[in-house]
Amino acid sequence: GFDVYFRVLGNEIWPFHALNLGSADRYLSDYVVCIMVWMNFVCALHARLSLLLRFETGIRTVASYTFTLYLIHTLVLFSWEYVYDYNRESILDLLILSGSIALATYIVGMLTEKKRYRLTRFLEDMHQKTFGRFNWDIENPLTRKQRVN
């Protein structure tokens, strides 16, 4: 599809031919996907998705594991072939594999992402003890009033 076309085009227009792009030759496709994702966010912003607010807690819970899923799924996929002789055409085997990825994501996520808030609280406490209360107002640091001790 369009990925192959953009990979070839990306290599042709790449101005530094001495530098081999390797797998980075997908950069044009990445820009297209980025624009498509941005357009999705813009459309979602203006859509009336109030129905989803009913499921906000569940959506936030699942979303809190996405980084762990990103990191762990390949490890599970590569190790799966050594652990279990599965049939790629079998729906049952694919469901077991998907369940294994979900379980591994949940376990690793409980050990990492769910502890993130403890780290955040620890760093905020250290900041408060060192510099005073943390100001969550995001503003230009050049125009921010300096704190007087």
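What counts, and at which threshold
- Residues numbered from 1 in each chain as written.
- Predicted model: local features only at pLDDT ≥ 70, side-chain atom pairs only at ≥ 80, totals over all residues.
- Heavy atoms only, no water.
- Helix = DSSP H or I, 4+ residues; strand = E, 2+ residues; numbered from the N terminus.
- Buried < 20%, exposed > 50% of the residue type's maximum accessible area, 1.4 Å probe, protein only.
- Areas by Shrake-Rupley, 256 points an atom, 1.4 Å probe, with all protein chains shown as cover.
- Axes fitted to C-alpha atoms, helices over the stretch in contact; angles between N-to-C directions.
- Parallel < 35°, antiparallel > 145°, perpendicular 65-115°, else oblique.
- Contact = heavy atoms within 4.5 Å.
- Patch = residues over 30% accessible without salt bridge, like charges linked within 9 Å, V, L, I, M, F, W, Y side chains within 5 Å.
- Salt bridge = Lys/Arg side-chain N within 4 Å of Asp/Glu carboxyl O.
- Core = buried A, V, L, I, M, F, W, Y, C linked by side-chain atoms within 4.5 Å.
- Left-handed = near helix turned anticlockwise from the far one by under 90°.
- Phe/Tyr/Trp six-rings, centres within 6.5 Å; stacked < 30°, edge-to-face > 60°.
- Polar contact = N/O pair within 3.5 Å; in protein donor to acceptor, adjacent residues only side chain to side chain.
- pLDDT = per-residue confidence, 0-100.

1. Examining the overall build of the chain
In step 1: When its secondary structure is counted, the chain shows seven helices and zero strands.
In step 2: The linear arrangement of helices and strands in the chain, starting from the amino end, is α-α-α-α-α-α-α.
In step 3: Out of the 149 residues in the chain, the part that is buried amounts to 15%.
In step 4: Element-wise, carbon and sulfur atoms account for 66% of the exposed surface of the chain, whose accessible area totals about 13200 Å².

2. Structural notes on the packing of helix α1 (residues 2-13) against helix α2 (residues 27-46)
A packed helix pair is summarised by two numbers, namely the angle formed by the two axes and the spacing between the axes.
In step 1: At a minimum axis separation of 7 Å, α1 and α2 run at an interaxial angle of 125°. One way to sum up the angle between α1 and α2 is to call them oblique. Mapping the contact onto sequence places Phe2, Asp3, Phe6, Leu9, Gly10 and Ile13 in α1 and Tyr27, Leu28, Ser29 and Val32 in α2.

3. Thoughts on a nonpolar patch on the surface
In step 1: Taken together, the side chains of Leu49, Leu51, Leu52, Phe55 and Ile59 present a nonpolar region at the surface, about 470 Å² in accessible area.
In step 2: With respect to the helices and strands, the residue leucine 52 is situated in helix α3 (residues 50-53).

4. Some points on the pattern of salt bridges
In step 1: For the structure on display, the rule yields two salt bridges.
In step 2: Arginine 60 is the salt-bridge partner of glutamate 56, the closest N and O atoms lying 3.0 Å from each other. Of this pair, glutamate 56 and arginine 60 both sit in helix α4 (residues 56-63), four residues apart, roughly one helical turn.
In step 3: With a relative accessible area of 35%, glutamate 56 lands in the partly exposed category.
In step 4: With its nearest N and O atoms 3.2 Å apart, the salt bridge here joins glutamate 81 to arginine 88.
In step 5: Given a relative accessible area of 56%, arginine 88 falls into the exposed group.

5. Quick notes on the nonpolar core
In step 1: Core analysis: the biggest nonpolar cluster contains seven residues, these being Ile72, Val76, Trp80, Tyr86, Leu97, Ile101 and Ala104.
In step 2: Only α5 (66-83) and α6 (91-111) provide two or more residues apiece to this core.
In step 3: Apart from residues no more than four positions distant in its own chain, alanine 104 is found in contact with Ile72 and Val76.

6. Comments concerning the packing of α5 against α6
In step 1: Their axes nearest at 9 Å, the elements α5 and α6 cross at an angle of 135°. Relative to α6, the element α5 is oriented oblique. When you trace α5 past α6, the crossing you get is right-handed. Here α5 contributes Thr68, Leu69, Ile72, His73, Val76, Leu77 and Trp80 to the contact with α6, which in turn contributes Ile96, Leu97, Ser100, Ile101, Ala104, Thr105, Val108 and Gly109.

7. Quick notes on the packing of aromatic side chains
For any pair of aromatic rings, the description rests on two quantities: the centre-to-centre distance and the angle between the ring planes.
In step 1: Across all of its chains, the model carries four aromatic pairs by this definition.
In step 2: Seen in terms of ring centroids, tyrosine 5 and phenylalanine 6 are 5.4 Å apart; in terms of plane orientation they differ by 65°. Their pairing is edge-to-face.

8. A few points about the side chain of serine 64
In step 1: Looking at the element boundaries, serine 64 is found in the loop between α4 and α5.
In step 2: A residue is classified by how much of its surface remains accessible, and serine 64, at 12% relative accessible area, is buried.
In step 3: At 2.6 Å, the side chain of serine 64 forms a polar contact with the backbone oxygen of threonine 61.
In step 4: Other than its neighbours up to four places away in sequence, serine 64 contacts Glu113 and Lys114.

9. Looking at the confidence of the model for the chain
In step 1: For the chain, per-residue confidence averages 80 on the pLDDT scale, and 89% of positions sit at 70 or higher.
In step 2: Summarising per-element confidence for the chain, the mean pLDDT is lowest in α3 (78) and highest in α6 (92).

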